[in-house]
Amino acid sequence: MGLALTLGCVGEAGPAEALDESAHEFSVAPGEGVHEEVTRTALAFLKPAVLKTLVTGNVAADVKFALVNAAHFDDCNFSGAAAFVAAKQAEAVRALGPGIALLDGDLLAMAAFSHSLHTVQDFYAHTNWVELGGDVLVDESLGAFPALTPYAAIPSTGFVVVEGEKPRHTAVTRDARAPYPKSAIVTVRHRRTAAQGLVSGTVDYEPGNHCPRPVAMTHEELNKDNSAVAGRAAQHEAAKSLAIRQTRHEWCRLNQLAHDAWGDAGTERLAAWVEDPSAAPDCAVE
């Protein structure tokens, strides 16, 4: 590319070509333009070589974690997926520590962070968040990505996480005969209270289905992965918009986690990834 990419302290530089070459170790699945578009739009302020590496790692997650439902928020495995995101971001932060060579650490951090981005982007496309009327982010905190506990309410919306065997005195229902998107509306009733229930589509080839049978929907019935899915163009656009916002927020989370772990050295390390600071999010308000 002919672009010098500074990674770390003044006077220390790593060639952008090294980042470009690192992309060849990933298999890029065809037909994944939406993940690429979401990542490039949300993180357009990063240096081109950094952004290319994050995009490649994100798209490659479909191959690397093809059989892992937690990597895609599939099969109502909400607790597993939330833990996957938190673990990958913690892995990225560790790689930014002083004990790893600058270029090696940055490449490891980018790979781990990109995998976490794939998962949070899938959240909006693979669940019924949009169909339930969710128009805010699942989480806007700056600490570790929060646990999503089965049959607990998500603070941002009050949607109840539907995962696994339901508690006593609890019923989960949906009208499978209703036309979409009403068919994706899940209700959780516990004693005399009722709330909307969050589910995700089931995928046969991924081991472990945590969706209760009365409300289960297949991936084909629920996904909003692209605008070509018949009858779901509006929902796809809503999911994509939320995924862009969440991806941008995850940059702020990563910065906070790096600062918590490594102080100013952590945020300075990530600042070296940025091409246009004026276009980067103001993490104090986003």
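Quantities reported herein were computed from a predicted structural model and do not represent experimental measurements.

Thresholds applied
Residues numbered from 1 in each chain as written. Predicted model: local features only at pLDDT ≥ 70, side-chain atom pairs only at ≥ 80, totals over all residues. Heavy atoms only, no water. Helix = DSSP H or I, 4+ residues; strand = E, 2+ residues; numbered from the N terminus. Buried < 20%, exposed > 50% of the residue type's maximum accessible area, 1.4 Å probe, protein only. Pairing = 2+ DSSP bridges. Phe/Tyr/Trp six-rings, centres within 6.5 Å; stacked < 30°, edge-to-face > 60°. Lys NZ or Arg CZ within 6 Å of the ring centre and 35° of its normal. Disulfide = S-S within 2.5 Å. Core = buried A, V, L, I, M, F, W, Y, C linked by side-chain atoms within 4.5 Å. Salt bridge = Lys/Arg side-chain N within 4 Å of Asp/Glu carboxyl O.

*Asks:* Looking at this structure, I do not really get unusual backbone geometry. What am I missing?
*Replies:* Backbone phi values are negative for most residues with the exception of glycine, while trans is the configuration of most peptide bonds. Note the cis peptide between Tyr-180 and Pro-181, where omega equals 10 degrees. Inspection of the secondary structure puts Pro-181 in the loop between β4 (170-173) and β5 (186-190). The phi angle at Cys-76 is positive, at roughly 55 degrees, despite the residue not being glycine. One can find Cys-76 in the loop between α3 (48-64) and α4 (78-95). Note on Cys-76: relative accessible area 0%, which makes it buried.

*Asks:* Help me understand the environment of Glu-220 in this model?
*Replies:* Among the structural elements, Glu-220 can be located in helix α6 (residues 219-222). Put simply, Glu-220 and Gly-201 are 19 residues apart on the chain and 7.4 Å apart in space, counted from C-alpha to C-alpha.

*Asks:* Whenever I open this one, the sheet that holds β5 confuses me. Can you help?
*Replies:* On the basis of which strands lie adjacent, the open sheet formed by four strands has the order β3-β6-β5-β4 and mixed pairing. Strands at the two margins of the open sheet, each flanked by one partner only, are β3 (160-161) and β4. Both β5 and strand β6 (residues 193-198) contribute to a ladder of five bridges, which runs antiparallel. Residue pairing in the sheet places Val-186 in a bridge with Gly-197 of β6.

*Asks:* When you look at the packing of aromatic side chains in this model, what are you seeing that I'm missing?
*Replies:* Describing an aromatic ring pair means giving the distance of the ring centres and the angle of the ring planes. Taken as a whole and assessed by the stated rule, the structure comprises nine aromatic pairs. Ring geometry for Phe-65 against Phe-84: centres 5.2 Å apart, planes inclined by 85 degrees, an arrangement best described as edge-to-face. Taken together, the residues Phe-65 in the loop between α3 and α4 and Phe-84 in helix α4 connect sequence positions 19 residues apart. Pair check on accessibility: Phe-65 and Phe-84 agree, each one buried. Between Trp-129 and Phe-159 the ring centres are 5.1 Å apart and the planes differ by 80 degrees, which places this aromatic pair in the edge-to-face class. One end of the pair, Trp-129, is in the loop between α5 (102-126) and β3; the other, Phe-159, is in the loop between α5 and β3, with 30 residues separating them in the sequence. Cluster of aromatic residues (ring-pair linked, three or more members): Phe-73, Phe-78, Phe-123, Tyr-124, Trp-129 and Phe-159. Here the guanidinium or amino end of Arg-232 rests over the ring plane of Tyr-180, the centre of that ring lying 5.3 Å away.

*Asks:* When you look at the state of the cysteines in this model, what are you seeing that I'm missing?
*Replies:* Throughout this description, disulfide means a covalent bond between two cysteine sulfur atoms. What the rule picks out here adds up to two disulfides. In this model, Cys-76 is linked to Cys-211 through a disulfide, with the two sulfur atoms separated by 2.1 Å. Every disulfide takes its handedness from the sign of the S-S torsion; for Cys-76 and Cys-211 that torsion is 100 degrees, giving right-handed. With Cys-76 in the loop between α3 and α4 and Cys-211 in the loop between β6 and α6, the pair connects residues that are 135 residues apart, well separated along the chain. Exposure class is identical for Cys-76 and Cys-211. Each is buried. The partner cysteine of Cys-252 in its disulfide is Cys-283, sulfur to sulfur 2.1 Å. Looking down the S-S bond of the Cys-252 and Cys-283 bridge, the torsion is -80 degrees, so its handedness is left-handed.

*Asks:* What should I look at first to understand the environment of Tyr-205 in this one?
*Replies:* Among the structural elements, Tyr-205 can be located in the loop between β6 and α6. A sequence separation of 137 residues divides Tyr-205 from Val-68, and the C-alpha atoms of the two residues are 9.3 Å apart.

*Asks:* Just checking my understanding: could you explain the nonpolar core for this structure?
*Replies:* Soluble globular proteins: nonpolar side chains tend toward being buried together. Counting 62 residues, the largest nonpolar core has Leu-43, Leu-46, Tyr-124, Trp-129, Trp-251 and Trp-273 as its most contacted members. At the level of secondary structure, the elements contributing two or more residues to this core comprise α2 (33-42), α3, α4, α5, β3, β5 and α7 (233-262). Counting residues in each nonpolar core, the second largest holds five residues, with Ala-61, Ala-70, Ala-71 and Phe-84 among its members.

*Asks:* Any chance you could explain the pattern of salt bridges here in plain terms?
*Replies:* Between side chains of opposite charge, a pair can form as their charged atoms come close. According to the stated counting rule, one finds nine salt bridges in the structure shown. Note that Glu-36 is salt-bridged to Arg-40, the shortest N-O span being 3.1 Å. Here Arg-40 and Glu-36 lie together in helix α2, a separation of four residues that amounts to about one turn. You can call Arg-40 partly exposed: its relative accessible area is 34%. Between Glu-237 and Lys-240 there is a salt bridge; the shortest N-O distance is 3.6 Å. In this pair, Glu-237 and Lys-240 both sit in helix α7, three residues apart, roughly one turn of the helix. You can call Glu-237 partly exposed: its relative accessible area is 40%. What you see here is one network of salt bridges that share partners, running through Glu-37, Glu-237 and Lys-240.

Purely geometric stuff here, so don't read any function into it on its own.
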